[in-house]
Amino acid sequence: MLHVLHRSPPPMTTWVPTAYRTHTLGEIQTLGADLIDQIVTVAGFMEANRGKGAICFVDLRDGTGTTQVFLKADNIGAESLDVVQRMTRESTLQFTGTVSLKRPPKVKEGEPTPPPAYEVLATSVEVIARAEAPLPLGVTDTVNVELDTRLDNRFLDLRRAHVNAMFRLRGKVLQFGRQHLITEGFIETHTPKIVATATEGGTDLFPMQYFETPAYLNQSPQLFKQLCMSGGLERVFEIGPAFRAEKHDTYRHLNEFISFDIECSWANDDDVMGVLERMLHHIWKSIAEEEESQGLIATINAYRATQEEEAIEVVVPELPFPRMEYCDAIRIIKEKGGTIEWGDDIDAENSDLLAEDLPQFYFLPRWPMSLKPFYIHHVEGEIGSTDQQLSRGFDLNFGRDEMTSGGQREHRIDVLIDNLKNMELDPEEFEFYVAGFRHGVPPHAGWGLGVERILMKLTGAKNVRETVLFPRDRKRFCP
RNA sequence: GCCCGCUUGGUGUAGAGGUUAUCAUGCAGGAUUGUCAUUCCUGCGACCCGGGUUCAAUUCCCGGAGUGGGCGCCA
């Protein structure tokens, strides 16, 4: 059966000296006591410089932290001091100097003395690249910046501490998700993004030219990961882009997004719901427990405080997640006064009604077959309250928002072909896929999870675009 | 695709048919300071585009462009 192994945390990251620095700024702080009086070379962005007289303080920032560099005309020379004093914010500078204990700040009586901090007493400076002024957006300014301005100048936006922290958290989410699936026996795969035909039907695809032939950007790895099941790979996952040419314009949609997909043999919908909730639980738990992740959350909260926004809190969801079967969801929506009939999709307004009682993760299993794509499995005789055929398809929501859709797949080739015809798709066009079911295939199930949507829930982002480095939406595809 | 907003210095905002167009942040200069979100002084910098109404439009109307939100659909 399933073995979920306990993994010890990865070893501490080591920063090897490079051509431009002997130490990171983070190391100056963490190893400061041992580095006192040693000569070091550091490099980074100049966040601020203070002091116009015979002394000057520079706040220098690199990927590991911030350290103050202290300049005195006696040590560095009047000319270099002047260069630094006239330097623009966000220029990249390289300093050589000695590590020394920073003078402790004046502390009011009764308040605790802060831990010792370290600085670099500079003896020389190299201007690597001077930043043009004014900056299109202030990296350390407390004024709000609109998302559009941020995305137009994303490279500068990324220098802001809370934005940087968000992308580091994104890396963590992928790392912990990947880590969990590997412990459950899944192997990482890649499927093609250039395809000859629609993989699911329904959605609009981006057309492209493949040499002399029209082709498309793939909307989902769905059919290919199923072929992996027919190929006996048994448990696969993929983290990759999906492209959809839908002209939507909302806080939760992108035209290129990263889909976290799995497919699992000898399994039904209930089995893969288990994989999903265990994986999400692992991600949340790891973020809540790991020191580095907590530091990232704290950075985001420090910014939120300046914007008078509520702090985000990583609440580890309890296992198992609640299950709200489609038929029950319809009944409850009706009881709450929502307008819906059995067989309808659950729209945003009605999702809000469900979210009143289920504000976090919950599964919505057993959708009507009529609402699900052709590849979803059904068991004859599993019928809803109106005697209509139910499917083995499910959604995972977080409050009002859909995070995942998944289900057991149809492995019976005759039923598959019927389904295609019933949904007005041509089995001939899907021959590459149907062929995979002709020579024996295990029953299988899987799901696709929107990475950006998960990030929104974890980091409190109000718009998925915030969680993507360079988002592609209806109007934006540059930078 | 449909519905509703918004557009003022680099950034984010206040505001009014006639103003010296507000404030913060920023930028430049100066004073002070081994600073710690320093403080203080001085200065710089803006009404999206086109047309209309009006003695007068950045303000009102129409159109355009850009942008934000909601919906459908989805991850």
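Read on for a plain summary of the structure. None of these values were measured; they are calculated from a predicted model.

### Examining the overall build of chain A
Summing up its helical and strand segments, chain A has 15 helices and 15 strands in all. Considering only C-alpha atoms, chain A reaches an extent of 85 × 60 × 45 Å along its principal axes. Considering only intrachain contacts with a sequence separation of at least 6, the fraction spanning at least 24 residues in chain A is 66%. Accessible surface for chain A amounts to roughly 24100 Å². Of this, 53% is attributable to carbon and sulfur atoms. The centroid of the 50 positive side-chain charges in chain A is displaced by 5 Å from the centroid of its 73 negative side-chain charges.

### Overview of the pattern of salt bridges
Enumeration according to the criterion identifies 43 salt bridges in this entry. D157 serves as the salt-bridge partner of R150, at 3.0 Å between the closest nitrogen and oxygen. Exposure remark for R150: the relative accessible area of 8% places this residue in the buried category. The class for D157 is buried, based on a relative accessible area of 0%. Between D270 and R392 there is a salt bridge; the shortest N-O distance is 4.0 Å. Here D270 is found in helix α9 (residues 269–289), whereas its partner R392 is found in the loop between β12 (361–365) and β13 (393–398), with 122 residues between them in sequence. Each of the salt bridges in this network shares a partner with another, and the network as a whole consists of R150, R154, D157, R160 and E466.

### Some details on the protein's contact with RNA strand B
As a matter of local geometry, RNA strand B sits amid 46 residues, with F70, E119, R252, M403 and R453 nearest to it. Close to the protein, within 4 Å, the atoms of RNA strand B are drawn from sugar and phosphate at a rate of 54%. A distance of 3.1 Å separates a phosphate oxygen of RNA strand B from a polar atom in the backbone of E146. Here T149 contributes a side-chain N or O atom positioned 2.7 Å from a phosphate oxygen of RNA strand B. Broken down by secondary-structure element, the contributors of at least two residues to the surface near RNA strand B are β2 (55–62), β3 (65–72), α5 (147–152) and β14 (401–408). Sorting elements by how many residues they give to the surface near RNA strand B places β14 first, with 4 residues. Classifying every residue of the surface near RNA strand B by side-chain character gives 13 nonpolar, 11 polar and 22 charged.

### Some thoughts on the packing of aromatic side chains
Scanning all chains against the criterion turns up 16 aromatic pairs. Ring centres 6.5 Å apart and planes at 50° place the aromatic pair F432 and Y433 in the tilted group. Since its relative accessible area comes to 0%, Y433 is described here as buried. Here a set of aromatic residues connected by ring pairs shows up, and it is made of F224, F374, Y375, F430, F432, Y433 and F437. Note that K372 overlies the ring of W367, its terminal NZ or CZ placed 5.1 Å from the centroid.

### Thoughts on the sheet that holds strand β8 (residues 207–210)
Strand order in the open sheet made by the 3 strands is β7-β9-β8, with antiparallel pairing throughout. Each edge of the open sheet carries a strand with a single partner, namely β7 (194–195) and β8. Inspection of the sheet shows β7 paired to strand β9 (residues 213–217) by 2 bridges, in the antiparallel sense. Residue pairing for β9: V195 is matched across the bridge by Y216.

### Describing unusual backbone geometry
In this structure, the amide linkage connecting A133 to the following residue, P134, adopts the cis form with an omega of 0°. Counting through the fold element by element, P134 comes out in the loop between β5 (118–129) and α5. With omega at 0°, the peptide bond leading from C478 into P479 counts as cis. Positionally, P479 belongs in the segment after α15 (451–459). Positioned with a positive phi, E90 is a non-glycine residue whose angle comes to about 75°. In this structure, E90 sits in the loop between α4 (78–85) and β4 (92–101). We note that W266 has phi near 55°; this positive angle belongs to a residue other than glycine. One can find W266 in the loop between β11 (256–265) and α9.

### Quick look at helix α8 (residues 222–230)
Within α8, 7 of the 9 residues are buried, leaving the element largely enclosed by the surrounding structure. Taken as a whole, α8 has its buried residues at Q222, L223, F224, K225, Q226, C228 and M229. Packed against the buried residues of α8 are β7, β10 (235–243), β11, α14 (431–434) and β15 (444–450). The positive-phi residue at the C-terminal boundary of α8 is G232, with phi of around 80°.

Cut-offs and rules
Residues numbered from 1 in each chain as written. Chains lettered and ligands numbered in written order. Predicted model: local features only at pLDDT ≥ 70, side-chain atom pairs only at ≥ 80, totals over all residues. Heavy atoms only, no water. Helix = DSSP H or I, 4+ residues; strand = E, 2+ residues; numbered from the N terminus. Contact = heavy atoms within 4.5 Å. Areas by Shrake-Rupley, 256 points an atom, 1.4 Å probe, with all protein chains shown as cover. Lys, Arg positive; Asp, Glu negative; His and termini not counted. Charge placed at Lys NZ, Arg CZ, Asp CG, Glu CD. Salt bridge = Lys/Arg side-chain N within 4 Å of Asp/Glu carboxyl O. Buried < 20%, exposed > 50% of the residue type's maximum accessible area, 1.4 Å probe, protein only. Near = heavy atom within 4 Å. Polar contact = N/O pair within 3.5 Å; in protein donor to acceptor, adjacent residues only side chain to side chain. Nonpolar A, V, L, I, M, F, W, Y, C, P; charged D, E, K, R; others polar. Phe/Tyr/Trp six-rings, centres within 6.5 Å; stacked < 30°, edge-to-face > 60°. Lys NZ or Arg CZ within 6 Å of the ring centre and 35° of its normal. Pairing = 2+ DSSP bridges.

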